[in-house]
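An overview of the molecular structure
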Amino acid sequence: MAEFKLSAEDIQIKIHADSWQTALRKAAKPLIDQGNITTDYVENMIKAVIKYGPYIVIAPGLALGHAEPDASVIKTGYAITTLAEPVTFGSKENDPVDIVVVLASINSTDHLKLLQKLVGFLGNADNIKALRKMSTEKDALDVVQAISKG
C-alpha cells in the first residue's frame, strides 16, 4: 500500500476565507505548492459542489473537499485547514464549516485508502476537538502524529 505522509506544511491554522469557494482554494494551497495537484483540481472540486450540492460537508463543521481522479492530480495527498471564521456551504445539517480537508488521489484505489485513513481520524470527536484547538506548529505536528498512528 502506498503511504500517504502528512507533514506540518500540509496543515494551515486559522485561515481567513470569505466563501466556501475561497475556503476550498486556500485549503488546497499546500497541495498546489508541493506539486500534488494543479489549480484545475481545485476548480473541479468547486464545480462538483455547484453541480451536486454540499455533499462534501460530511459532519458538523467539517468539509472533505475532493474531485474525481484525473490529470489535475499529480500525486496523491491531503491537506487540512482550519478557518478563522466558519463559512457556509449550503448544508442544512452541518454548516457552518470551520475545518476543510482536501483529498486528492491519482486513482480510485488511493482515494479509498486515503479516505479510510482520514475517516478513522475524523470519526473521533477528540481528534476533531484537537483540530479546532490548533494554534501552533507544534499542535499541527501533534495532529500529524495522531493521523500517522491511526
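Residues numbered from 1 in each chain as written. Predicted model: local features only at pLDDT ≥ 70, side-chain atom pairs only at ≥ 80, totals over all residues. Heavy atoms only, no water.

**Section: the nonpolar core**
Here is the rule we go by: Among buried residues, those of type Ala, Val, Leu, Ile, Met, Phe, Trp, Tyr and Cys that are joined through side-chain atoms within 4.5 Å constitute a nonpolar core. Relative accessibility thresholds used throughout: buried, under 20% of the residue-type maximum; exposed, over 50%; partly exposed, between the two (1.4 Å probe, protein chains only). Only runs of H or I of at least four residues qualify as helices and only runs of E of at least two qualify as strands under DSSP, and these elements are numbered from the N terminus. The contact definition used throughout considers only heavy atoms, calling two residues in contact when any of these lie within 4.5 Å.
Counting residues in each nonpolar core, the largest one holds 26 residues, and the members touching the most others are L24, I37, M45, F89 and V100. Within the residue set of this core, elements represented by two or more residues are α1 (20–27), α3 (39–52), β4 (77–87) and β5 (97–104). Sort the elements by how many residues they give to this core and α3 lands first, with 5 residues. What L24 contacts, discounting residues up to four positions off in sequence, is V42, M45, I46, I56, G65, F89, V100 and V102.

**Structural notes on the packing of aromatic side chains**
What counts here: In this scheme Phe, Tyr and Trp rings, the latter by its six-membered ring, pair at centre separations within 6.5 Å, and the angle between planes marks the pair as stacked below 30 degrees, edge-to-face above 60, and tilted otherwise.
Within the structure shown, the criterion is met by 2 aromatic pairs. Measuring from centroid to centroid gives 6.1 Å for Y52 and Y55, while their planes differ by 90°, and the two rings are edge-to-face. Judged by its relative accessible area of 56%, Y52 is exposed.

**Some thoughts on the pattern of salt bridges**
Which entries qualify depends on this criterion: A pairing counts as a salt bridge when a side-chain nitrogen of Lys or Arg comes within 4 Å of a carboxyl oxygen of Asp or Glu.
Evaluation of the coordinates by the stated rule reveals 4 salt bridges. Between K29 and D33 there is a salt bridge, and its shortest N-O distance comes to 2.7 Å. Remark: D33 and K29 occur in helix α2 (residues 29–33); sequence separation between them is 4 residues, near one turn of the helix. Residue D33 is classed as exposed on the basis of its relative accessible area, which comes to 53%.

**Overview of the sheet that holds β4**
Pairing between the strands of a sheet is mediated by backbone hydrogen bonds and can be parallel or antiparallel. For the record, the criterion: Pairing between strands requires that DSSP locate at least two bridges from one strand to the other. All axes are obtained by fitting lines to C-alpha atoms, using only the stretch in contact for helices, and the reported angles, taken between N-to-C directions, cover 0 to 180 degrees.
Taken together, the 5 strands give an open sheet; going across it, the order is β1-β4-β5-β3-β2, and neighbouring strands pair in mixed fashion. Whereas interior strands pair on both sides, the edge strands pair on one side only; in this sheet they are β1 (11–15) and β2 (57–59). Between one strand and the next, the sheet's axes are offset by a mean angle of 25°, whatever the strand orientation. Across 2 bridges, the pairing between β2 and strand β3 (residues 62–65) is antiparallel. Across the sheet, the residue bridging to A59 is L62, located in β3. Strand contacts of α1: β1, β3, β4 and β5, with the helix running at about 140° to β4, the strand carrying the most contacts. Helix-sheet contacts for helix α6 (residues 137–149) involve β1 and β4, and the interaxial angle to β1 is about 135°.

These results come straight from atomic positions and should not be treated as a statement about function.
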